[in-house]
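# Understanding the architecture of this molecule
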Amino acid sequence: MLTTRRLVLGAGLGTLAIGSDAFAQGASGPIRIATAGPMTGQYAAFGTQMREGATQAVTDINAAGGVLGRQLALEIGDDSCDPRQAVSVANQLAGRRVVFVAGHFCSGSSIPARDVYAEEGVLQMSPASTNPRFTDEGKWNTFRTCGRDDQQGQVAGRYILQNFAGKRVAILHDNTAYGKGLADETKKALNAGGMQETMYAAYTPGERDYSAIVSRMKAANIDVIYLGGYHTEGGLIIRQAKEQGMNVTLIGGDALVTNEFWQISGAAGEGTLMTFSSDPRKRPTAAEVVQRFRARNVDPEGYVLYTYAAIQIFADAAKKANSVDPRRLAQVLKSDGPWQTVLGPISFDAKGDVTVPDYVFYIWRNGAYAELS
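Residues numbered from 1 in each chain as written. Predicted model: local features only at pLDDT ≥ 70, side-chain atom pairs only at ≥ 80, totals over all residues. Heavy atoms only, no water.

The name given to the protein in an unreviewed UniProt entry is Branched-chain amino acid ABC transporter substrate-binding protein, with the source organism recorded as Roseomonas alba. In UniProt, the protein has this text filed under Sequence similarities (unreviewed entry): "Belongs to the leucine-binding protein family." (UniProt positions renumbered as here; feature names shortened; annotations may be inferred.)

For the protein, the count of helices and strands is 12 helices and 16 strands. In summary, the protein has a C-alpha radius of gyration of 20 Å against a globular reference of 21 Å for 373 residues, a match within 12%. For the C-alpha atoms alone, the extent of the protein along its principal axes is close to 65 × 40 × 35 Å. Residues counted as buried form 60% of the 373 residues belonging to the protein. Sequence separation of at least 24 residues holds for 66% of the intrachain contacts in the protein that already meet a minimum separation of 6. (Helix = DSSP H or I, 4+ residues; strand = E, 2+ residues; numbered from the N terminus. Rg over C-alpha atoms; globule rule 2.2 N^0.38 Å. Buried < 20%, exposed > 50% of the residue type's maximum accessible area, 1.4 Å probe, protein only. Contact = heavy atoms within 4.5 Å.)

Unoccupied space between atoms shows up once a probe the size of one water molecule is rolled over them. Approximately 260 Å³ is the volume found for the largest pocket. In terms of lining residues, the largest pocket is bounded by 16 residues, among which Arg-283, Pro-345, Ile-346, Val-356 and Asp-358 are the most central. Ranked by the residues each element gives to the lining of the largest pocket, the list is headed by strand S14 (residues 344-346), at 3 residues. Broken down by class, the residue content of the lining of the largest pocket amounts to 8 nonpolar, 6 polar and 2 charged. (1 Å grid on protein atoms, 1.4 Å probe; cavity = no way out; pocket = protein on both sides within 12 Å on 5 of 7 lines; lining within 4 Å. Points joined across faces, edges and corners; volume = space filled by probe spheres on them. Nonpolar A, V, L, I, M, F, W, Y, C, P; charged D, E, K, R; others polar.)

This part is about the nonpolar core. Ranked by size, the top nonpolar core spans 108 residues in total, and within it Ile-33, Phe-100, Leu-172, Met-217 and Ile-311 carry the most contacts. Once you skip the residues sitting within four places of it in the chain, Ile-311 turns out to touch Ile-33, Ala-54, Ala-57, Val-58, Ile-61, Leu-72, Phe-100 and Ala-102. (Core = buried A, V, L, I, M, F, W, Y, C linked by side-chain atoms within 4.5 Å.)

Once that is clear, we can look at the side chain of Arg-283. Of note, Arg-283 is situated in the loop between strand S12 (273-277) and helix H10 (287-295). Within polar-contact distance, the side chain of Arg-283 engages the side chain of Asp-358 at 3.2 Å. Residue contacts for Arg-283: discarding those within four places in its chain leaves Ser-277, Ser-278, Tyr-306, Val-342, Leu-343 and Asp-358. (Polar contact = N/O pair within 3.5 Å; in protein donor to acceptor, adjacent residues only side chain to side chain.)

Inspection of every chain in the model, using the stated rule, returns 21 salt bridges. A salt bridge links Glu-137 to Arg-133, with the shortest nitrogen-to-oxygen separation between them at 2.8 Å. Where Asp-353 meets Arg-144, a salt bridge forms, and the shortest distance between an N and an O atom there is 2.7 Å. Remark: Arg-144 occurs in strand S7 (residues 142-144) and Asp-353 occurs in the loop between S14 and strand S15 (359-365); sequence separation between them is 209 residues. For Asp-353, a relative accessible area of 3% corresponds to the buried category. Via salt bridges that share partners, Asp-136, Arg-144, Arg-148, Asp-150, Lys-351 and Asp-353 belong to a single interconnected network. (Salt bridge = Lys/Arg side-chain N within 4 Å of Asp/Glu carboxyl O.)

Here we take up the packing of H10 against helix H11 (residues 304-321). One way to put it is that H10 packs onto H11 with a least axis distance of 12 Å and a crossing angle of 120°. By the angle between their directions, the pair H10 and H11 is classed as oblique. Of the two elements, H10 crosses H11, and the hand of that crossing is right-handed. Residues Val-289, Val-290, Arg-292 and Phe-293 of H10 pack against Val-304, Leu-305 and Tyr-308 of H11. Among the residues making up the contact of H10 with H11, the classes are represented as 6 nonpolar, no polar and 1 charged. (Axes fitted to C-alpha atoms, helices over the stretch in contact; angles between N-to-C directions. Parallel < 35°, antiparallel > 145°, perpendicular 65-115°, else oblique. Left-handed = near helix turned anticlockwise from the far one by under 90°.)

Moving on, we come to the UniProt feature "domain: Leucine-binding protein" (unreviewed entry) in the protein. Cross-referencing UniProt, the feature "domain: Leucine-binding protein" (unreviewed entry) maps to residues 30-365 in the present numbering. Helix makes up 44% of residues 30-365 and strand 18%. Its end C-alpha atoms lie 45 Å apart.

Bringing the state of the cysteines into the picture now. Per the counting criterion, the structure on display carries 1 disulfide. The cysteine Cys-146 is free of any disulfide, with Cys-106 supplying the nearest cysteine sulfur at 12 Å. (Disulfide = S-S within 2.5 Å.)

With that out of the way, let us pick up empty space enclosed by the protein. A full pass over the atoms with the stated rule returns 2 cavities of 30 Å³ or more. Computed from the structure, the largest cavity encloses a volume of approximately 40 Å³. Along the walls of the largest cavity sit Phe-105, Cys-106, Ser-107, Ala-128, Ser-129, Tyr-178, Tyr-230, Asp-254 and Ala-255, which together make up its complete lining. Volume-wise, the second largest cavity comes out at about 30 Å³. Along the walls of the second largest cavity sit Thr-130, Cys-146, Gly-147, Asp-254, Phe-276, Ser-277, Tyr-303, Tyr-306 and Tyr-359, which together make up its complete lining.

Here we come to the packing of aromatic side chains. In the structure shown here, the tally under the stated rule is 19 aromatic pairs. On the numbers, 5.7 Å between centres and 85° between planes, the contact of Tyr-203 with Tyr-210 is edge-to-face. Across the pair, exposure class does not vary: Tyr-203 and Tyr-210 are buried alike. Taking the centre distance of 5.0 Å and the plane angle of 65° together, the rings of Trp-364 and Tyr-369 count as edge-to-face. (Phe/Tyr/Trp six-rings, centres within 6.5 Å; stacked < 30°, edge-to-face > 60°.)

Read from one edge of the open sheet, 7 strands run S9-S8-S10-S11-S12-S15-S16, paired in mixed fashion. Pairing within the sheet leaves two strands with one partner each, and these edge strands are strand S9 (199-202) and strand S16 (368-371). The average undirected angle you get between the axes of adjacent strands in this sheet is 25°. Where strand S8 (residues 169-173) meets strand S10 (residues 224-228), 5 bridges bridge the pair, whose relative direction is parallel. (Pairing = 2+ DSSP bridges.)

Take a look at the structure:
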């Protein structure tokens, strides 16, 4: 029975406590978990997705009796996709005795936060960080419910090779762990297939005017822009390219999976392509949960259900292990499974990566995105 719901916001960290006596400590008190990501800043649309997914997951788990007879208390960490702020948030969460974090969003935040969590004994499962380094560097505590940039880049590279042969391709990136990592993996796949990009360049995230780089692409007669970066810059770049009269196709990764992309690009975003997993909202395993989101007027797009699934997995692993000890849970997550989630069954390899990545292409049409048929 849900008895209280309280939201307390502080410097980069909030508490959304769902259950009774949310601040109690000890075995009889609530189990503290968290989600952390860009709750503010230019990528806040993704932080909202994570918060919605985590809140609904905690609500549903607590309504069903909690975990090991205890309620979950949810902390909200705001890193604004800034690596230094992510370290601060990670230290704060560890200080609050959080045992599990569904986060962060940006790979550039997840990787430095990971090191804090590993040292402080906190289990981390990102719903969205795709840079291979996050799990490749051998920490005991790292998992993700999404795929990796090297997998996503291969899918993107193959698509460009098959559908844009002979075209002039510009590969752009924002110099972040996510953006550059994804751009480089796509470049690697293109080059391995015998296609050389016409232009490879970095841009500065957070600006409003990308006319200089657009002019360079126009002068190079670019047909296809592959963007390693986020929807905010992607929307501006394609809009400004079309304003300069370029007949160009934008292709990006999973960071374009938010309706906010179209709010920025407008009609210039028509025909934009992107890679993401097959639509989790349409999976039979998510049907009941999707109805609950929509009853609250929440569209569980993007990473909402990926965050929900991370908390589902944590709860089921704790029940399996009869413990919330993070190191014990890390062992169980890798040795047991598959874990039944809103995304379908998920199993983890020895690194903490999902064993069956599921990248497909989407296209933006008339202000909405759908799987490319």
